[in-house]
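This is what each chain is made of:
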Amino acid sequence: MLLTAFFFGLISSFHCIGMCGPIAMMLPVDRNNQAKKVVQIITYHVGRLSAYAAIGLVFGLLGKGLFLAGIQQKLSIFIGVAMIIVILIPDKVFATYNFSKPVFKLISKIKTTLGSQFKNKSYKSLFTIGLLNGFLPCGMVYVALFGAIAMQSESLGVLYMILFGLGTVPMMSSVVYLNTFLTIRVRNKIQKFIPYVAVIIGILFIFRGLGLGIPYLSPSDMSLFVQSTPNCH
């Protein structure tokens, strides 16, 4: 299931171009020194991955609590269904409810701090831009967090979100170099595939929770996370 995180990140990165692409295009990188530019872009991504890892830790701990409660298979089914519902519900329905109101001031502060960092070309600023960028609200990150919860472990939750972030790296890096190629028309065509990928991943989580006895895909005893025979020595 961990591989789905990277694959989903790879596909959803086309959505990220529309949301976070402008941030990547505005990065205060050295346009004349290509080697330095690469290091600067990597620093930005390390910041983003750090944010995703932190979020994955929180939701991984939440999943671990549910796992210890013995409801892991039901949780996997619920998360799979939730992924599909989130994707199928039109954006305008979510727009009716401003879920960000409780944290609006925090998000506003993040955006303000983010904007101020573009004035500085230091590696610290690039890392901070990536870190703050990772904490900005994003629908695709929300979907990935369902997967982090299903990992039922804080370490696996962190790993799931890091793999998701790594999946977005190629496209988010290319934006800096190929912004003329990635036109709105191209992005719109590719974004049409994102819901299908998310639904497929949701179905995989449902299969995993059903315990059909299919190795790795749907283990009957959730043996991917629990030993079938206790090892007590």
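Once a new chain begins, its residue numbering starts again from 1 and follows that chain's sequence as written. With the structure being a predicted model, the display of local features is reserved for residues of pLDDT at least 70 and the display and counting of side-chain atom pairs for 80 or more, all residues being used for whole-chain, interface and lining totals. In computing side-chain values, all of the structure's heavy atoms are included and hydrogens and water are not.

Asks: What am I meant to see in the nonpolar core here?
Replies: Nonpolar side chains tend toward joint burial in soluble globular proteins. The biggest cluster of nonpolar side chains holds 28 residues, and the ones touching the most others in it are Phe-8, Met-83, Val-141, Tyr-160, Met-161, Phe-164 and Phe-205. Among the secondary structure elements, those contributing two or more residues to this core are α1 (2-25), α2 (34-68), α3 (72-88), α7 (139-150), α8 (154-178) and α10 (194-210). Excluding anything up to four places from it in sequence, Phe-164 contacts Ala-5, Phe-6, Phe-8, Gly-9, Ser-12, Tyr-52, Met-140, Val-141 and Ala-144. Counting 13 residues, the second-largest nonpolar core is a separate cluster that includes Leu-27, Ile-41, Tyr-44 and Phe-118. To define a nonpolar core, start from buried Ala, Val, Leu, Ile, Met, Phe, Trp, Tyr and Cys residues and group those joined through side-chain atoms within 4.5 Å. We call a residue buried when its accessible area falls under 20% of the maximum for its residue type, exposed when it is over 50%, and partly exposed in between, using a 1.4 Å probe and counting protein chains only. The secondary structure listing takes helices from DSSP runs of H or I that are at least 4 residues long and strands from runs of E that are at least 2 residues long, numbered from the N terminus. Note on contacts: a residue pair qualifies if any of its non-hydrogen atoms lie within 4.5 Å across the two residues.

Asks: Explain the packing of aromatic side chains to me, please; I cannot follow it from the model alone.
Replies: The way to describe two aromatic rings as a pair is by their centre distance and the angle between their planes. Each aromatic pair joins two rings of Phe, Tyr and Trp (for Trp, the six-membered one) with centres within 6.5 Å, and gets the label stacked for planes under 30 degrees apart, edge-to-face for over 60, and tilted for any other angle. This structure, assessed with the given rule, holds two aromatic pairs. Relative to Phe-164, the ring of Tyr-52 has its centre 5.7 Å away and its plane inclined at 65°; by these criteria the two rings are edge-to-face. Of the two residues, Tyr-52 is situated in helix α2 and Phe-164 in helix α8; the sequence distance between them amounts to 112 residues. Note on Phe-164: relative accessible area 1%, which makes it buried.

Asks: Can you walk me through α7 in this structure?
Replies: It helps to recall that an α-helix has 3.6 residues per turn; residues three or four apart then point in one direction. The end-to-end C-alpha distance of α7 is 18 Å, a good match for the 16 Å that twelve residues give at a rise of 1.5 Å each. For α7, the buried fraction is high: nine of the twelve residues fall into the buried class. Inspection of α7 places Met-140, Val-141, Val-143, Ala-144, Leu-145, Gly-147, Ala-148, Ile-149 and Ala-150 among the buried residues, and these make up the whole buried set. Residue Gln-152 follows α7 closely and has a positive phi angle near 60°. Each residue after the first adds 1.5 Å to the expected span of a helix.

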